[in-house]
Structures are given as structure tokens and as C-alpha cells.
Amino acid sequence: MILADKIINLRKRAGWSQEELAEKMGVSRQSISKWEGAQSVPDMNRILRLSEIFCVSTDYLLRDDMEDLQPSVISDTEQIKDNKGEILSNVSLEMANAYLDYCKRSSFSIALGVMLCILSPVLLICFSVAGEMKKIPLGEEQGAMLGMIVLLCMVAGAVVIFIINEHRGTPYKFLEKEPLDTEYGIDGMVCDKMKKYEKVHMAEISMGVALCIISCIPIFLVQLFYGDDDFSSAIAVGFLLILVSIGVFFIVRTSIIWGGYQVLLEEGNYTRIAKKQNKSIGNIYWGIVTALYILISFVTMKWEITWVIWPVAGILYSVVTVIYRNYAK
């Protein structure tokens, strides 16, 4: 295999475009294209740089008689273990790139599903109040029934989205739950992509938090100009939920992408201690929070207030996390 073919295979295995490889090499994209088309050959300094980037020997790059690199195969009886004797799950470069692609593709649809859940009671609130005050040609019960139909349809659509993404993500579930042994070069690749995405992540998190904070402004404006007018208050609640849903959309979308990087690097909420914690208490905790949110919301019908359960639950979970991790350490 000639050098041109080796560069192509190594670049594709790393999941990089010609532009990305050119940036790492400090050359133009045309230079990479010429190398891969066997129209020119990189000098020795470039060869050394290629060997560093792709984590291969210069002999492999220069000698045509050396065949393509083959991924190592680990049998069930040769499981990798860490210094504590814990079995590690092997992660190849192809698996890592496929998982990051899945995170990017699923981030929008999952965030949209969460957004639909938050928006679902808007018409229920507005129609029931509008029917009671004769603002629409429907009675209070009819308006509430129509709003409930819309609510159920939106929640059903969100559930379908969650189920589809859950199914697509099944092959990658072990990455979030098990301790990992990533192949050489994966950490560097993930760190590089994570660094490039960091500004976008911070911008979307900031925008989402800001929208959630200012979401109360419509209610304050209604109280200021219309007093206790029920219909105006209902419209204000609708705008509150719309702003919250948009803010949460940005937060969820970017958090899924950022979380994909943290999963592969075993950082943040995906350290090995955190994974043990999630197995022990995470699923139970959030199941209880979800059940309480639905129950309290339907009993009180105060959807404009009950969403506060989620940030409060998040703060409490952070406290539980710190306590658990200190205990585990």
C-alpha cells in the first residue's frame, strides 16, 4: 500500500475531513489533496508530523510493503482490567466517531421532544380560561377538553421522538454506564473537537439560562398593566412557557453534544464514580421527580409554577452527587 492510500485510510479512520487534517498539519487543503492523489509527497518533517497525529510509525508510512493497520482483537478471556481489577469496555476509533455523530444527530430531536412537553399545556390553559370568559365560542369544559387533546398529541409526539432516539442509541449505552478503555489517539481527537465546540456550548447554555430567567417578565407586565385579568394572565403564562421551552431547547441540545465528549473522556457526570452513582440512585431519583412533577401539575393545574420542580431537583441532585462521590472516594 502506497503512502497516499495510507494517508486516506488514516484520515478517514480518525473521522477528519481534508480541511481538518490540513489545519492540524499547518498546510493547505490542496496539499492534503495532492498527497492523497499521489501528485506529491510530503517532506520528512511532514512525515514525522503525520506519524505523531495518526499515532503510527514512520516506517509504516514510508514502507509500501507494510500492510494497513489492523485493529487489535480482544477475546472474552482477555478482558482489559484497570489497576483495581475492574473490567473495562474497549472503544475503537470507529465506535467513538459513530457515537459523536449520534449525539449530534439526536441532540436536535431530543431537545425538540422536551420542548413539546413544556409547550403542551399552553393551549389547555389558554382555551379553558378563554372559554370561561367567553372569548371563544366554546365553554370552559369544551375549551379545556380541546386543550387536553392538543396536550396529549404533543406529549405523544415527544414520546415517539424519545423512543426512536432511545432505540438508535442502544449500541452506545455501555459508553455511558461502563468504565472505558479507549484506543490510543481517541482522547486527543475528542479533546480537539471538544475545544472547538466549547464557545458554541457556552453561548447556547448562556442563551438558554437567560431565556428561562426572563420568562417571568410577561407575567410581571400583565400584573403591571392589566392587574388581575384572568385572560391576560393566561396569555402571559403561555408566553412564559414558550420562553422556557426555547431556553430549555438550547440547553438540552448543546448538553447532549457536550455530554458525548465527556462520555468518551470519562469526565464531568461520566467519571467512573459518577457511573456507579447513576446505577445506584440516578434512575430511581429522576423517576420519582418525574412522577411528582406530573402528579403535582395535574392536581394543582399550576403549570406556570410547577416547572420550578426541575431546577430544584437538579440542584438537590448535585448535592446528592457530591455526597455520594465523597463517600465513594
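Residues numbered from 1 in each chain as written. Predicted model: local features only at pLDDT ≥ 70, side-chain atom pairs only at ≥ 80, totals over all residues. Heavy atoms only, no water.

Engineer: Even after reading the chapter, I still don't get the overall build of the protein, so can you show me in this structure?
Structural biologist: Within the protein, the secondary structure is distributed over 15 helices and two strands. Per-residue burial over the protein gives 38% buried out of 329 residues. Long-range contacts, defined as pairs at least 24 residues apart, comprise 73% of the intrachain contacts of the protein with a sequence gap of at least 6. When the accessible area of the protein is evaluated, it comes to approximately 18,700 Å², of which 63% is carbon and sulfur surface. (Helix = DSSP H or I, 4+ residues; strand = E, 2+ residues; numbered from the N terminus. Buried < 20%, exposed > 50% of the residue type's maximum accessible area, 1.4 Å probe, protein only. Contact = heavy atoms within 4.5 Å. Areas by Shrake-Rupley, 256 points an atom, 1.4 Å probe, with all protein chains shown as cover.)

Engineer: Is there a simple way to explain the packing of aromatic side chains in this structure?
Structural biologist: Centre distance and the angle of the planes are the two values used to describe a pair of aromatic rings. Going through the model one piece at a time under the given rule, you end up with six aromatic pairs. Summarising the aromatic geometry, the rings of Trp 258 and Tyr 261 are spaced 6.5 Å apart at their centres and angled 90° between planes, so their arrangement reads as edge-to-face. With Trp 258 and Tyr 261 both in helix α12 (residues 230-265), this residue pair falls three residues apart, about one helical turn. Note on Tyr 261: relative accessible area 3%, which makes it buried. Taken together through their ring pairs, the aromatic side chains of Tyr 99, Tyr 102 and Tyr 172 make up a single cluster. Its end group placed over the ring of Tyr 60, Lys 6 keeps NZ or CZ at 4.6 Å from the ring centre. (Phe/Tyr/Trp six-rings, centres within 6.5 Å; stacked < 30°, edge-to-face > 60°. Lys NZ or Arg CZ within 6 Å of the ring centre and 35° of its normal.)

Engineer: Any chance you could explain the state of the cysteines here in plain terms?
Structural biologist: Chemically, a disulfide is nothing more than a covalent bond linking the sulfur atoms of two cysteines. This model, assessed by the stated rule, comprises zero disulfides. Between Cys 216, a free cysteine, and Cys 212, which holds the nearest cysteine sulfur, the sulfur-to-sulfur gap is 9.6 Å. The class for Cys 216 is partly exposed, based on a relative accessible area of 27%. (Disulfide = S-S within 2.5 Å.)

Engineer: Is there a simple way to think about the pattern of salt bridges in this case?
Structural biologist: Proximity of charged atoms lets side chains of opposite charge pair with each other. One pass over the structure, following the stated rule, counts seven salt bridges. Measuring nitrogen to oxygen at the nearest pair gives 3.9 Å for the salt bridge that ties Glu 19 to Arg 29. Of this pair, Glu 19 sits in helix α2 (residues 18-25) while Arg 29 sits in helix α3 (residues 29-36), placing them 10 residues apart in sequence. Note on Glu 19: relative accessible area 47%, which makes it partly exposed. In this structure, a network of salt bridges that share partners links the residues Glu 23, Lys 24, Asp 192 and Lys 196. (Salt bridge = Lys/Arg side-chain N within 4 Å of Asp/Glu carboxyl O.)

Engineer: Help me understand the packing of α2 against helix α4 (residues 44-54), please; the structure alone is not making it clear to me.
Structural biologist: At a minimum axis distance of 10 Å, the contact between α2 and α4 shows a crossing angle of 115°. Classified by chirality, the crossing of α4 by α2 is right-handed. Contacts between α2 and α4 involve Leu 21, Lys 24 and Met 25 on the former and, on the latter, Arg 46, Arg 49, Leu 50, Ile 53 and Phe 54. Class assignment for the residues of the contact of α2 with α4 results in five nonpolar, no polar and three charged. (Axes fitted to C-alpha atoms, helices over the stretch in contact; angles between N-to-C directions. Left-handed = near helix turned anticlockwise from the far one by under 90°. Nonpolar A, V, L, I, M, F, W, Y, C, P; charged D, E, K, R; others polar.)

Engineer: Even after reading the chapter, I still don't get unusual backbone geometry, so can you show me in this structure?
Structural biologist: Note on backbone geometry: most residues besides glycine have negative phi, and most peptide bonds are trans. Here Glu 266, not a glycine, exhibits a phi torsion of approximately 55°, which is positive. Looking at where Glu 266 falls in the secondary structure, it is placed in the loop between α12 and α13 (272-300). Owing to a relative accessible area of 17%, Glu 266 belongs among the buried residues under this scheme.

Engineer: Would you mind showing me how to read the environment of Glu 36 here?
Structural biologist: If you trace the backbone, Glu 36 turns up in helix α3. Here the alpha-carbon distance between Glu 36 and Asp 5, two residues 31 residues apart in the chain, equals 6.5 Å. What Glu 36 contacts, discounting residues up to four positions off in sequence, is Ala 4, Ile 7, Ile 8, Arg 11 and Gln 18. At a separation of 2.8 Å, a polar atom in the side chain of Glu 36 contacts the side chain of Gln 18. (Polar contact = N/O pair within 3.5 Å; in protein donor to acceptor, adjacent residues only side chain to side chain.)

Engineer: Just to check I follow, could you spell out the confidence of the model for the protein for this structure?
Structural biologist: For the protein, per-residue confidence averages 81 on the pLDDT scale, and 85% of positions sit at 70 or higher. Counting contacts from residues 70-79, a segment whose pLDDT is below 50, to residues more than four positions away or on other chains yields five contacts. (pLDDT = per-residue confidence, 0-100.)

Engineer: Would you mind going over helix α10 (residues 186-214) with me for this structure?
Structural biologist: Side chains of residues three or four places apart in an α-helix project in the same direction, reflecting 3.6 residues per turn. Here α10 is 29 residues long and its end C-alpha atoms lie 40 Å apart, about the 42 Å a rise of 1.5 Å per residue gives. At Tyr 197, α10 is bent by approximately 45°, the largest bend along its length. Taken together, the buried positions of α10 are occupied by Ile 186, Met 189, Val 190, Lys 193, Met 194, Tyr 197, His 201, Glu 204, Gly 208, Leu 211 and Cys 212. Buried residues along α10 sit against α1 (3-14), β1 (89-91), α6 (93-119), β2 (180-182) and α12. (Expected span 1.5 Å × (residues − 1). Bend = angle between axes of the 7 residues up to and from the residue.)

Engineer: Looking at this structure, how should I read the environment of Gly 113?
Structural biologist: Summarising the element assignment, Gly 113 is placed in helix α6. Relative accessible area serves as the criterion here: at 0%, Gly 113 is assigned to the buried category. The sequence separation of Gly 113 and Met 154 amounts to 41 residues, and the corresponding C-alpha distance is 8.6 Å. Discounting residues that sit within four places of it in the chain, Gly 113 has contacts with Ala 158, Ile 161 and Phe 162.

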